[in-house]
Amino acid sequence: MSPEKHRFARLAAIRVLAIGRIKRRRRGRGPKILIVAVTLLGMLSLGGGAEAVDKYQTYTRDLPNPNSLNPKELAQATNIYDRNGVLLYVKHTDGVIRTVIPLSAISPHLIDATIALEDRQFYTHQGIDFPRIVAAAIADLTHQGVQQGASTITQQLVKRMFVGSANSLERKVREATLALEIERRFSKNEILTLYLNQIFYGHQAYGIEAAAQTYFAKSAKDLDIAQAAMLAGIPNAPSSFDPYNPATAAQAMSRQDLVLRDMLRDHYISQLEYDKAVKETLKFQDGSIQKDLKAPWFVDYVLRQLSKQYGEAVVAGGGLRVQTTLDYNVQKIAEQAVATNVNRPDLKARNVNNGAAEVIDPNTGQVLAMVGSANYYDQAIGGQYNVITDGQGRQPGSSFKIYEYATALANGYAPSNLILDKQGKIDGHAFVDWDHRDEGVITIRRALVESRNIPAILLLKQLGYDRVFQTARMMGLTSANLTPERGLAQAIGASEVLPLEHFNAYGVLASGGIYHEPTVILKVVDSQGKVLQEWKPNAGVRVLPAQVAYMISDILRPVGAALNIKRPYAAKTGTTENWRDSWLIGYNPDVVIGAWMGHTCAGGCPANVNSNLNVVWGVQGAGLIFRDIFNGYEANRPVKDFVVPDGLKKVTVCAASGLLATPNCAGQTISDWFIAGTSASAPPTDCSPPPTSRPTSPRSRLS
């Protein structure tokens, strides 16, 4: 380059610097012009000449738009809580833990510590701290350290979000230019908010809220002086100042002391506060929930529901705050009950290796607890497979019979009506009872109490598939494949049902005939505090007469007597073919508890594993899970019993016929429920029992 061109470029830079001095106050652009001039002079010092101007234009061409800076644009975790605010899970994005919070939600001690350490003149400079640049340059030449580096907090933010950290002149020019623009467009507090939500604190924690949870299991607003000083010192070199790592713990403590001295120097803390903080013994506790997943089966299900509604990208990085229906205290009781009973030696000997349970509020449909397996982390049993919600469901066995009996009672039958229990062929198919015995003509009540198979099959045949299946669907079995083509065996549970729906259907009985859809989410709020959805109390949908629901519950009272539970409840067991599944679903007006026990194999059972259970009845297996959850749930709660609804009357009938008592009964009478206005004799002719059990005397109406 010729001397004339070199002199021209130098004069151009000096002219830019002079213009900056003249126009600084008027336009507020002095700092930006100053940095341009300084940059050009720096290039000239390297012999760039007039080419420095071209280089500067090249370096600053196509700069990112600083207006894109916004806390809501940061990818942040979705947080899932139980109904009482217990954090269950943080859904991270690509291993990043981040929860964006406003400056007002950050401890003032952390803000003071960060400024004292990183950028003492943060509130006075305009993006570039020229005295620090000079001091850093002198330190490089003299090899004497300075307390703070040359980069301001604003420059560090630009480096992290826009230009990276490459050691090049181009990067430095772009960084300085963007820092000036950001300072011009954003307030200091906005910049600080972005910085504290973006900076990396180690252990996948981005932002101070995630850091506070990761190191101290608390919110950023609750950090004390000593904790704030520790965290403020980490971002400079997270791996070197990791207090969790024994090899770097001493360096982390030294770094904390440096921060405390800086805070004292700048009068953020008093000498007394400094002395107290230095002596404080920090107790580290990893609250980053990823390593201690609570209610994992429930959380997985909630995440699937959220992804269907908002998309996976929003759930992964949208910063949703999700309040769920789960009660973590109840969840712990349920998990303990499942794990303890599945691992009983006597049940292990019968080939039991898995169990599941769900707790539901029948008056709202809200799921209070969900245990999908005996151990979420046990691959041998496919622990992450949720029996309650996944797959095509399982055969419910005799627990399905409530749908036939509810249909019968809603269509004119009464508990004292008679029905035949005789094994044999029905429509060409052979059916037997669970005990391979015939009881002959028995009452509807006894047929359900003893869970006889033949009466349930006859009811399905007499009432018709459409009626019974419609009842099942109204009570919530919307995904079950119930079709006439699958035959009468469906009356005793041959068709698979989803336990989530099946357990919730028992809530219809518990609530007096009202259906509430299964619910797991109470409220969803986005990262800006906008409520996206919120559960509202509702009356539900009546699907059964209250009298029918009560009669079923009254009949089912003795079923679980062997469990020796002292409080009122009703329950129905179920056991599938070859004892593959053991069920017990119990309830009272306040709670429904569904329990399952069985054997599962991940990826298919080996040839030497018999997937059948060795005669584990519902009360013997799943009933133990139910008992422990029910007793734990009911402890210290008021005793609740089923209330007799209006329109039900106790009537004395002949035991032999199920009809109104007459002198011919010879003292053989029983009392049972009838709905006012219905017959105390034969049920309707279009759904009457077989001829051997059909009453022959005239009907009598009840008033």
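Please refer to the structure higher up on the page.
Residues numbered from 1 in each chain as written. Predicted model: local features only at pLDDT ≥ 70, side-chain atom pairs only at ≥ 80, totals over all residues. Heavy atoms only, no water.

**Student:** Explanation requested: the overall build of the chain in the structure shown.
**Tutor:** Along its length, the chain carries 23 helices and 18 strands. A buried classification covers 53% of the 703 residues belonging to the chain. When the accessible surface of the chain is totalled, it reaches about 31000 Å², and 51% of it is carbon and sulfur. (Helix = DSSP H or I, 4+ residues; strand = E, 2+ residues; numbered from the N terminus. Buried < 20%, exposed > 50% of the residue type's maximum accessible area, 1.4 Å probe, protein only. Areas by Shrake-Rupley, 256 points an atom, 1.4 Å probe, with all protein chains shown as cover.)

**Student:** Where do I start with the sheet that holds strand β15 (residues 581-588) in this structure?
**Tutor:** Picture the strands of a sheet paired through backbone hydrogen bonds; they go either parallel or antiparallel. Strand order in the open sheet formed by five strands is β5-β4-β16-β15-β14, and the pairing between neighbours is antiparallel. The open sheet terminates on both sides in strands that have one partner only, identified here as β5 (366-371) and β14 (570-575). Neighbour to neighbour, the strand axes of the sheet diverge by 10 degrees on average, direction disregarded. The sheet contact formed by β15 and strand β16 (residues 591-598) spans eight bridges and is antiparallel. By the bridge assignment, tryptophan 583 is partnered in β16 with tryptophan 596. Along the sheet, helix α15 (residues 328-342) contacts β4 (354-361), β5 and β16; its crossing angle with β5, the most-contacted strand, is approximately 35 degrees. (Pairing = 2+ DSSP bridges. Axes fitted to C-alpha atoms, helices over the stretch in contact; angles between N-to-C directions. Contact = heavy atoms within 4.5 Å.)

**Student:** What's the story with the pattern of salt bridges in this structure? I'm lost.
**Tutor:** Opposite charge on two side chains permits pairing when their charged atoms draw close. This structure, assessed with the given rule, holds 27 salt bridges. A salt bridge links arginine 446 to glutamate 450, with the nearest nitrogen and oxygen atoms 3.0 Å apart. What emerges from the salt-bridge pattern is a single network uniting Arg445, Asp554, Arg557, Asp641 and Asp672. (Salt bridge = Lys/Arg side-chain N within 4 Å of Asp/Glu carboxyl O.)

**Student:** Any chance you could explain helix α21 (residues 499-510) here in plain terms?
**Tutor:** Since there are 3.6 residues in each turn of an α-helix, residues three or four apart along the chain are aligned in direction. Taking 1.5 Å per residue, twelve residues should reach 16 Å; α21 reaches 17 Å between its end C-alpha atoms and fits that length. With twelve of its twelve residues buried, α21 lies for the most part within the structure. For α21, the full list of buried residues reads Pro499, Leu500, Glu501, His502, Phe503, Asn504, Ala505, Tyr506, Gly507, Val508, Leu509 and Ala510. (Expected span 1.5 Å × (residues − 1).)

**Student:** Whenever I open this one, the nonpolar core confuses me. Can you help?
**Tutor:** Where a protein is soluble and globular, its nonpolar side chains tend to be buried together. Ranked by internal contacts, the top residues of the largest apolar core, which has 119 residues, are Phe298, Tyr403, Met475, Ile552, Tyr587 and Phe626. The residues touching phenylalanine 298, leaving out its near neighbours within four places in the chain, are Leu88, Thr324, Thr325, Leu326, Val367, Met370 and Val520. By size, the runner-up hydrophobic cluster in this structure holds 52 residues, among which are Leu157, Leu192, Ile234 and Ala237. (Core = buried A, V, L, I, M, F, W, Y, C linked by side-chain atoms within 4.5 Å.)

**Student:** How should the packing of helix α9 (residues 208-216) against helix α10 (residues 225-232) be read in this particular structure?
**Tutor:** A pair of packed helices is characterised by two quantities: the angle between their axes and the separation of those axes. At a minimum axis distance of 11 Å, the contact between α9 and α10 shows a crossing angle of 110 degrees. Between α9 and α10, the interaxial angle falls into the category roughly perpendicular. Here α9 runs over α10; the crossing is right-handed. Together, Ile208, Ala211, Ala212, Tyr215 and Phe216 of α9 and Gln227, Met230 and Leu231 of α10 make up the contact between the two elements. Of the residues in the contact of α9 with α10, the class split is seven nonpolar, one polar and no charged. (Parallel < 35°, antiparallel > 145°, perpendicular 65-115°, else oblique. Left-handed = near helix turned anticlockwise from the far one by under 90°. Nonpolar A, V, L, I, M, F, W, Y, C, P; charged D, E, K, R; others polar.)

**Student:** Would you mind going over the packing of aromatic side chains with me for this structure?
**Tutor:** Aromatic ring pairs are reported here in terms of the distance separating the ring centres and the angle at which the planes meet. Tallied over the full model, the rule gives 16 aromatic pairs. Ring centres of tyrosine 215 and tyrosine 244 lie 5.4 Å apart, and the angle between their planes is 15 degrees; on these two criteria the pair is classed as stacked. Remark: tyrosine 244 occurs in the loop between α10 and α11 (249-265) and tyrosine 215 occurs in helix α9; sequence separation between them is 29 residues. For tyrosine 215, a relative accessible area of 0% corresponds to the buried category. Overall, the relative accessible area of 29% leaves tyrosine 244 in the partly exposed class. Pairing tyrosine 465 with phenylalanine 469 gives two aromatic rings, centres 5.6 Å apart and planes at 45 degrees, and the pair type is tilted. Of this pair, tyrosine 465 and phenylalanine 469 both sit in helix α20 (residues 465-474), four residues apart, which is roughly one turn of that helix. Connected via pairs of aromatic rings, a cluster forms that spans Tyr215, Phe216, Tyr244 and Phe284. Looking at lysine 188, its charged tip hangs above the ring of phenylalanine 122, at a distance of 4.6 Å from the centre. (Phe/Tyr/Trp six-rings, centres within 6.5 Å; stacked < 30°, edge-to-face > 60°. Lys NZ or Arg CZ within 6 Å of the ring centre and 35° of its normal.)

**Student:** Got a minute to help me understand the sheet that holds strand β11 (residues 521-525) in this structure?
**Tutor:** Taken together, five strands build an open sheet; the order of strands is β2-β1-β3-β11-β12 and the sheet is mixed. Only two strands of the sheet have a single neighbouring strand rather than two, namely β2 (87-91) and β12 (531-534). Each strand of the sheet is rotated relative to its neighbour by a mean of 15 degrees, with strand direction disregarded. Where β11 lies against β12, three bridges are found, and the strand directions are antiparallel. Counted as the bridge partner of valine 524 is glutamine 533 from β12.

**Student:** Quick question: what am I supposed to make of unusual backbone geometry here?
**Tutor:** Backbone geometry follows two general trends: most residues other than glycine have a negative phi, and most peptide bonds adopt the trans configuration. Its identity as a non-glycine residue notwithstanding, alanine 295 has a phi of 45 degrees, on the positive side. For alanine 295, the location among the structural elements is in the loop between α12 (271-279) and α13 (296-310). Taking relative accessible area as the criterion, alanine 295 reaches 1% and is therefore assigned buried. A positive phi angle, near 55 degrees, is found at asparagine 564, a position not held by glycine. Looking at the element boundaries, asparagine 564 is found in the loop between α22 (546-555) and β14.

**Student:** Mind showing me how you'd approach the side chain of lysine 572 here?
**Tutor:** You can see lysine 572 is positioned in strand β14. Buried within the structure, lysine 572 lacks any salt-bridge partner; its nearest side chain of opposite charge belongs to glutamate 404, at an N-O separation of 9.3 Å. Only 2.8 Å separates the side chain of lysine 572 from the side chain of serine 451, close enough to count as a polar contact. (Lys, Arg positive; Asp, Glu negative; His and termini not counted. Polar contact = N/O pair within 3.5 Å; in protein donor to acceptor, adjacent residues only side chain to side chain.)

**Student:** Could you clarify how one ought to interpret the environment of isoleucine 629 in this entry?
**Tutor:** Looking at the secondary structure, you find isoleucine 629 in helix α23 (residues 622-634). What isoleucine 629 contacts, discounting residues up to four positions off in sequence, is Ile333, Ala334, Ala337, Ala357, Val359 and Ile593.

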